[in-house]
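Listed below, chain by chain, are the residues.
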Amino acid sequence: MEQVNGDTLAAARKVIAVHINYPSRATQRGRTPAQPSYFLKPSSSLALGGSPVERPAGCELLGYEGEIALVIGKAARRVSIEDAWNHVAAVTASNDLGVYDLRYADKGSNLRSKGGDGFTPVGPALIPADAVDPAKLRIRTWHNGVLVQDDTTGDLLFPFARLVADLSQLLTLEEGDIILTGTPAGASVAKPGDVLEVEVETVDGRLSTGRLVTTVEEGTTAFADFGARPEVDDLQREEAYGSREAAGLAAVAPALTPELKAKLESVATATLSSQMRKRGLNNVSIDGLQATRPDRRVVGLARTLRYVPNREDLFKTHGGGFNAQKKAIDSVNEGEILVMEARGEKGTGTVGDILALRAQVRGAAAIITDGGVRDYSAVADLEMPTYFANPHPAVLGRRHIPWDTDITIACGGATVQPGDIIVADSDGILVIPPAIAEELVADCIQQEKEETFIFEMVKQGNSVDGLYPMNAEWQARYQEWEAGNHND
């Protein structure tokens with residue numbers, strides 16, 4: 001096979017990179033784009049394999065991202081998806097390097113953070129595009145000899161031909177241009193002295209680019225004060241390493257403290273709903289479900305799981321083994337509530353007795369699904385409540401594919417995000433944005449005090465006119481009543 005050389009780099013007038021394209025990366029980032037989005041890297045960022053890359057002086061977070069690079073073979077302008085792959089000459093390995101220390105200064109362009117000299121090594125060999133199936137490629141990355149990224153192109157959010165066709169709608173892709181097609185989960189941070197390796201091969205191992213090797217060096221020339229200077233915070237560290245744990249950061253304090261949980265448990269669901277409505281939040285109830293334990297009241301943080309409609313070829317790749325459903329069940333933590341998006345589809349089960357038991361053993365507060373439940377009697381016998389649309393004996397694969405976890409979903413007509421606070425009982429299921437929870441429950445407690453007073457006044461024979469809601473006269477009497485009760 002032909003090797004990447006100086007002529008290859010010189011021919012690239014544009015380097016275009018895709019933001020998120022692998023489901024594993026989308027899950028890690030907590031967002032799944034509906035359409036591809038891009039940024040440009042200067043051609044001067046290109047480098048051959050074996051070349052060192054400099055972590056600029058004063059920078060802490062040199063991120064690496066192993067990627068598959070497409071090399072355009074002939075000009076493409078307004079080409080169809082069906083024709084797009086014919087405009088690709090070759091694929092090779094690449095490393096989309098960048099410093100998170102300068103992200104703040106880019107306003108989304110990535111020019112400072114990802115445009116540095118040597119920040120886009122490619123190679124070492126070119127695999128002819130006409131010799132491969134673009135949906136059957138494998139990308140792997142090693143950091144100091146340890147495999148840290150390993151994924152295939154079988155389930156990309158945006159297949160390669162779609163990227164080429166999409167880009168060609170607005171700009172001409174010219175011969176030699178390079179498209180970086182996104183990175184899977186596992187990208188992290190490299191330090192001076194580290195060695196990074198990236199390899200692309202066919203899934204059958206028949207063809208390979210060989211390993212693209214890049215060694216990190218420490219820069220010695222400081223940034224001048226007339227431009228943006230490196231700045232980092234814990235958010236950038238978390239983004240660069242992929243998680244707070246990997247970055248060596250302390251876990252974020254939970255949004256649902258024991259004190260807040262106790263307050264939410266003390267007020268009626270109807271009161272919570274009323275106070276959210278006062279704040280303009282009218283679409284925060286998960287509707288149409290029944291409960292295995294209607295006598296229970298649960299409060300917990302949401303974890304999410306999304307099912308997509310079954311398609312037999314995709315079920316083969318996503319339905320078996322340790323799929324998203326099992327991952328969600330096996331990662332739910334003490335006091336959390338697993339919320340499932342099943343599109344209101346009632347024609348199959350979305351959880352059964354074994355997985356529900358596993359969630360209970362892990363300490364889950366509840367399972368909520370707008371789909372069916374299998375093994376209903378066994379699920380209903382569990383201590384953990386399950387909220388569901390209906391019982392159904394069919395297995396998952398009849399209507400659903402477990403697709404992804406911990407993303408924004410829809411369940412029972414409500415949008416649910418990971419970390420939302422869920423309150424569920426026989427009166428209904430509410431989704432509470434954690435940012436307003438403290439203020440919300442304080443107002444609920446106050447409202448219920450006022451309603452206790454109103455109830456007592458009605459019980460004593462007073463008319464509700466002017467009392468419910470209270471006018472100024474009744475407000476004054478309430479203040480006296482409250483002061484008296486407080487003094488007691």
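Provided above is the structure to which this section pertains.
Residues numbered from 1 in each chain as written. Predicted model: local features only at pLDDT ≥ 70, side-chain atom pairs only at ≥ 80, totals over all residues. Heavy atoms only, no water.

A large share of strand 14 (residues 195–202) lies buried, amounting to seven of its eight residues. In this structure, strand 10 (residues 137–143) lies alongside strand 14, joined through seven bridges in antiparallel fashion. Looking at the pairing, leucine 137 lines up with threonine 202 of strand 14. (Buried < 20%, exposed > 50% of the residue type's maximum accessible area, 1.4 Å probe, protein only. Helix = DSSP H or I, 4+ residues; strand = E, 2+ residues; numbered from the N terminus. Pairing = 2+ DSSP bridges.)

The sheet built from five strands is open, its strands ordered 4-15-14-10-11 with mixed pairing. If you trace the sheet from one side to the other, it starts and ends with strand 4 (52–55) and strand 11 (146–152), each paired once. In this sheet, neighbouring strand axes are inclined to one another by 20° on average, regardless of whether the strands run parallel or antiparallel. (Axes fitted to C-alpha atoms, helices over the stretch in contact; angles between N-to-C directions.)

The subject of this paragraph is the side chain of threonine 271. Structurally, threonine 271 is set in helix 8 (residues 269–278). Note on threonine 271: relative accessible area 4%, which makes it buried. Not counting chain neighbours up to four residues away, the residues in contact with threonine 271 comprise Cys444, Gln447, Glu448 and Glu451. (Contact = heavy atoms within 4.5 Å.)

Moving on, we come to the packing of aromatic side chains. Applying the stated criterion to the full structure yields six aromatic pairs. Ring geometry for phenylalanine 453 and tyrosine 478: centres 5.5 Å apart, planes at 65°, overall edge-to-face. Of this pair, phenylalanine 453 sits in helix 13 (residues 437–459) while tyrosine 478 is found in helix 14 (residues 472–487), placing the two residues 25 residues apart along the sequence. Among the residues examined, phenylalanine 453 registers a relative accessible area of 1% and is labelled buried. Note on phenylalanine 453 and tryptophan 481: the rings are 5.3 Å apart at their centroids and 55° apart in plane angle, and the pair reads as tilted. One end of the pair, phenylalanine 453, is in helix 13; the other, tryptophan 481, is in helix 14, and 28 residues separate them in sequence. We classify tryptophan 481 as partly exposed; its relative accessible area is 24%. An aromatic cluster of at least three residues, connected via ring pairs, comprises Phe453, Trp474, Tyr478 and Trp481. (Phe/Tyr/Trp six-rings, centres within 6.5 Å; stacked < 30°, edge-to-face > 60°.)

Attention now goes to the pattern of salt bridges. Overall, the coordinates contain 33 salt bridges when judged by the stated rule. Of the charged contacts, one joins lysine 261 and glutamate 265 as a salt bridge, the two residues approaching to 2.7 Å between their closest N and O atoms. With a gap of four residues between them, lysine 261 and glutamate 265 both fall in helix 7 (residues 258–266), about one helical turn apart. The partner of aspartate 443 in a salt bridge is arginine 279, with the nearest N and O atoms 2.5 Å apart. Separated by 164 residues along the polypeptide, aspartate 443 in helix 13 and arginine 279 in the loop between helix 8 and strand 16 (285–286) bring together distant segments of the chain. (Salt bridge = Lys/Arg side-chain N within 4 Å of Asp/Glu carboxyl O.)

Strand order in this open sheet of three strands is 8-5-13, and the pairing throughout is antiparallel. The open sheet has two free edges, formed respectively by strand 8 (98–99) and strand 13 (188–190), since each of these has just one partner strand. In this structure, strand 5 (residues 62–64) lies alongside strand 8, joined through two bridges in antiparallel fashion. From the neighbouring strand, glycine 63 faces strand 8, where its bridge partner is glycine 98.

This paragraph deals with unusual backbone geometry. A cis geometry characterises the amide bond from glycine 123 onward to proline 124, with omega recorded as 0°. On the secondary structure map, proline 124 appears in strand 9 (residues 120–128). Residue tyrosine 468 is joined to proline 469 through a cis peptide bond whose omega torsion reads 5°. Within the secondary structure layout, proline 469 lies in the loop between helix 13 and helix 14. The backbone phi angle of arginine 78 is positive, close to 55°, even though this residue is not glycine. Overall, the relative accessible area of 61% leaves arginine 78 in the exposed class. Phi at arginine 343 takes a positive value of approximately 65°, unusual for a residue other than glycine. Summarising the element assignment, arginine 343 is placed in the loop between strand 19 (337–341) and strand 20 (349–351).

Our next topic: the packing of helix 8 against helix 13. At a closest axis distance of 9 Å, the pairing of helix 8 and helix 13 adopts a crossing angle of 115°. Along this stretch, helix 8 crosses helix 13, giving a crossing that reads as right-handed. Every residue of helix 13 that contacts helix 8 at Thr271, Leu272, Ser274, Gln275, Met276 and Lys278 is listed here: Leu440, Asp443, Cys444, Gln447, Glu448 and Glu451. Class assignment of the residues belonging to the contact of helix 8 with helix 13 gives a composition of four nonpolar, four polar and four charged. (Left-handed = near helix turned anticlockwise from the far one by under 90°. Nonpolar A, V, L, I, M, F, W, Y, C, P; charged D, E, K, R; others polar.)

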